[in-house]
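These are the residues of each chain, in order.
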Amino acid sequence: MHIEQIKLTNYRNYDALALNFSPKINVFIGENAQGKTNVMESIYVLAMAKSHRTTNDKELIRWDSDYGKIEGAVQKRHGILPIELTITKKGKKGKINHIEQSRLSHYIGQMNVVMFAPEDLNVVKGSPQIRRRFIDMEIGQISPVYLHDLLTFQKVLKQRNHFLKMNQGKSMSNDVMYEVYNEQYIHAATQIIRKRFQFMDLLQEWAEPIHAGISQGKETLVIKYRTVAGIEKEHSSSEIENTLHQKLMEAREREFDRGVTLVGPHRDDLQFLVNGYDVQTYGSQGQQRTTALSLKLAEIELIKQETNETPILLLDDVLSELDDYRQSHLLNTIQGEVQTFVTTTSVEGIHHETMEQAQLFHVKQGAIEKS
C-alpha cells in the first residue's frame, strides 16, 4: 500500500496544496515551524480521522476557514482508492471512493499508517493513558469492530460516571439503576479487555524477535497487558465478567465516595519487560528506545499480516532521536518495501543508502519545493 497523491484545502497553514509522492522514501526538509510536520500530520489524519498532535479538531482547520479537507489517492493491491476527510467545527465526514460513510469507524482502516515520533518514546516511559491510546489506535486500524466496541464502552462509562457523580456520597445499597449500569458496563468492558489481550499476543509475536535482532540477541522483550481487576488472558468471557462484577462490588463504596468508575479497561496498562526487568522503571534510555522501535517495527508486520497490505510509515523528526545503530536498523527494515515519510531539519547526519533513493521536499514558510 502507498499513497500516490494528497490534496489539502484549508488545512493548518495550507490554503491549497497538492503533492505527488514516491512509493518508497519521501523526505520533508526544513526548519521547525515551517509546515513540514503539518503535511505528515495530514497523512495520519487522512488515515485515522484524528491527529497524533491534538485532540481539538478545530486546530486542523486553517484559521480563517469554516472547514478543512484532506484528499488522498491510495494505491492498494486491487487498484487506486480515493479517500477523503472533511473537518468542520461540528465534526468530521469521511468518503471512500467518493461515497460518504455513515460512521467514521467504517472509514478508518482503508489506509493503514504507523507513526513514529519523538513522543512515541513515551509509549514506554510515559503515562498509562499514552499506552492505552497506543493500544486503541492500533487495534482500531485492523478491527473496525473494536472501534465500535470502544465507542460503546466509552458511552457506557460516561453514563456510569454521571450516575456515580449524581449520587456521590450517598448510600446506594439497593439501587436498581446501579445494577443496570453495572450490567451494561461489564459487558462492554469485557469486549475491550478480550480484544486487547488478543492484540497484545500478536504484538508480542512480532516484537520479541525484532527486539532480539536490534539488541543482537542480548535482550528478550516481553509485553504484558495488566488489568486493574487482575484479569489474565487465559480467562474466558464469563470469567472476565465475574471478576469485573466482584471488583466493582469491592470498589462500590469508594466509587460512590469519589463519584467515578475505578475498575475497568480505562485504567489498565501495558508493561514492557526486558530480560525480566520493567524497562520503564529500570531500563536505560537505550533500552527504552529499542523497545519503542521494536513496537513500531512490529506494528508494520502485524498490520501486514492482518490486512495483507503493507502500511505506510511516518517518521516525524525521529531519526535524530535514534543513534546510528538503531537508525540503520530501522532504515534497513523498511528498505524498498514500506512507503516512508520522513521529516527532518537536515539529511546530512543520516548516512544510509536508502536515503539516496529518497524524493526530497524542501519546506519553507508553508511553501514546498520538490527536488
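Residues numbered from 1 in each chain as written. Predicted model: local features only at pLDDT ≥ 70, side-chain atom pairs only at ≥ 80, totals over all residues. Heavy atoms only, no water.

**Focus: the overall build of the protein chain**
Along its length, the protein chain carries eleven helices and 15 strands. Relative to its length of 371 residues, the protein chain is compact, with a C-alpha radius of gyration of 22 Å against a globular reference of 21 Å. Seen through its C-alpha atoms, the protein chain measures out along the principal axes to roughly 70 × 55 × 40 Å. Across the 371 residues that make up the protein chain, the buried fraction comes to 53%. A separation of at least 24 residues holds for 71% of the contacts in the protein chain among residues at least 6 apart in sequence. Carbon and sulfur atoms make up 46% of the accessible area of the protein chain, which totals about 17400 Å². Of the side-chain charges in the protein chain, 44 are positive and 48 negative, and the distance between the mean point of each set is 5 Å. (Helix = DSSP H or I, 4+ residues; strand = E, 2+ residues; numbered from the N terminus. Rg over C-alpha atoms; globule rule 2.2 N^0.38 Å. Buried < 20%, exposed > 50% of the residue type's maximum accessible area, 1.4 Å probe, protein only. Contact = heavy atoms within 4.5 Å. Areas by Shrake-Rupley, 256 points an atom, 1.4 Å probe, with all protein chains shown as cover. Lys, Arg positive; Asp, Glu negative; His and termini not counted. Charge placed at Lys NZ, Arg CZ, Asp CG, Glu CD.)

**A short note on the sheet that holds strand 2 (residues 14–20)**
Reading across the sheet, the six strands line up as 2-1-4-5-6-7 and stay open at both edges, with antiparallel pairing between neighbours. Edge positions in the sheet fall to strand 2 and strand 7 (99–100), since each has one partner strand and no second. Two strands pair when backbone bridges link them, and strand 6 (residues 91–96) and strand 7 are joined in this way by two bridges, in the antiparallel orientation. Along strand 7, the bridge assignment pairs Lys 95 with Glu 100. Sheet strands touched by helix 1 (residues 36–48): strand 1 (2–11), strand 2, strand 4 (67–76) and strand 5 (79–88). Its angle to strand 1, the strand with the most contacts, is close to 110°. (Pairing = 2+ DSSP bridges. Axes fitted to C-alpha atoms, helices over the stretch in contact; angles between N-to-C directions.)

**A closer look at the sheet that holds strand 11 (residues 277–278)**
What the three strands build is an open sheet, ordered 9-10-11; its pairing is antiparallel. Across the chains shown, the open sheet's two edge strands, defined by having one partner strand only, are strand 9 (221–226) and strand 11. In the sheet, strand 10 (residues 269–274) pairs with strand 11 via two bridges, with the strands oriented antiparallel. The residue bridging Leu 273 from the neighbouring strand is Asp 278, located in strand 11. Lying over the sheet, helix 4 (residues 128–142) contacts strand 9 and strand 10, oriented at roughly 95° with respect to strand 10. Strands strand 9 and strand 10 of the sheet are contacted by helix 6 (residues 176–214), whose axis makes an angle of about 170° with strand 9.

**Overview of the domain arrangement of the protein chain**
Examined at the domain level, the protein chain breaks down into domain 1 (1–111 + 308–370) and domain 2 (121–307). The centre of domain 1, based on its C-alpha atoms, is set 28 Å off from the matching centre of domain 2. Taken together, the 25 residues of domain 1 in the interface contact 23 residues of domain 2. Summed over both sides, the interface between domain 1 and domain 2 buries roughly 2100 Å², with carbon and sulfur atoms accounting for 61% of that surface. At the surface where domain 1 touches domain 2, the tally comes to one salt bridge. Note that Lys 304 is salt-bridged to Glu 337, the shortest N-O span being 2.2 Å. (Domains from an automatic or database assignment. Buried area = accessible area lost by both parts, 1.4 Å probe. Salt bridge = Lys/Arg side-chain N within 4 Å of Asp/Glu carboxyl O.)

**Section: the packing of helix 4 against helix 6**
Where helix 4 contacts helix 6, the two axes come as close as 11 Å, and the packing angle between them is 85°. It follows from the interaxial angle that helix 4 and helix 6 lie roughly perpendicular. Here Arg 132, Phe 134, Ile 135, Asp 136, Glu 138, Ile 139 and Ile 142 of helix 4 come into contact with helix 6, specifically with Lys 195, Arg 196, Phe 199, Met 200 and Leu 203. By residue class, the composition of the contact of helix 4 with helix 6 is seven nonpolar, no polar and five charged. (Parallel < 35°, antiparallel > 145°, perpendicular 65-115°, else oblique. Nonpolar A, V, L, I, M, F, W, Y, C, P; charged D, E, K, R; others polar.)

**Concerning the nonpolar core**
Buried together is how nonpolar side chains tend to be arranged in soluble globular proteins. Leu 203, Leu 244, Phe 272 and Leu 330 are the most contacted members of the largest nonpolar core, which has 64 residues in total. Here this core gets 13 residues from one element, more than from any other, and that element is helix 6. Of the domains in this structure, domain 1 (1–111 + 308–370) and domain 2 (121–307) are the two that each give at least three residues to this core. If sequence neighbours within four positions are ignored, Leu 244 has contacts with Ile 186, Ala 189, Thr 190, Ile 193, Ala 229, Ile 231 and Val 263. By size, the runner-up hydrophobic cluster in this structure holds 42 residues, among which are Phe 28, Met 48, Ile 87 and Met 111. (Core = buried A, V, L, I, M, F, W, Y, C linked by side-chain atoms within 4.5 Å.)

**Quick look at the UniProt feature "binding site: ATP" (unreviewed entry) in the protein chain**
Mapped onto this numbering, the UniProt entry gives "binding site: ATP" (unreviewed entry) at Gly 30, Glu 31, Asn 32, Ala 33, Gln 34, Gly 35, Lys 36 and Thr 37. Position of Gly 30 relative to the elements: it lies in the loop between strand 3 (25–29) and helix 1. On the basis of relative accessible area, Gly 30 is assigned to the buried category, the value being 9%. Not counting residues within four places of it along the chain, the set of residues in contact with Gly 30 comprises Lys 36, Thr 344, Thr 345 and Val 363. Relative to the elements of secondary structure, Thr 37 occurs in helix 1. Setting aside residues no more than four positions away along its own chain, Thr 37 makes contact with Arg 53, Asp 316 and Thr 343. (UniProt positions renumbered as here; feature names shortened; annotations may be inferred.)

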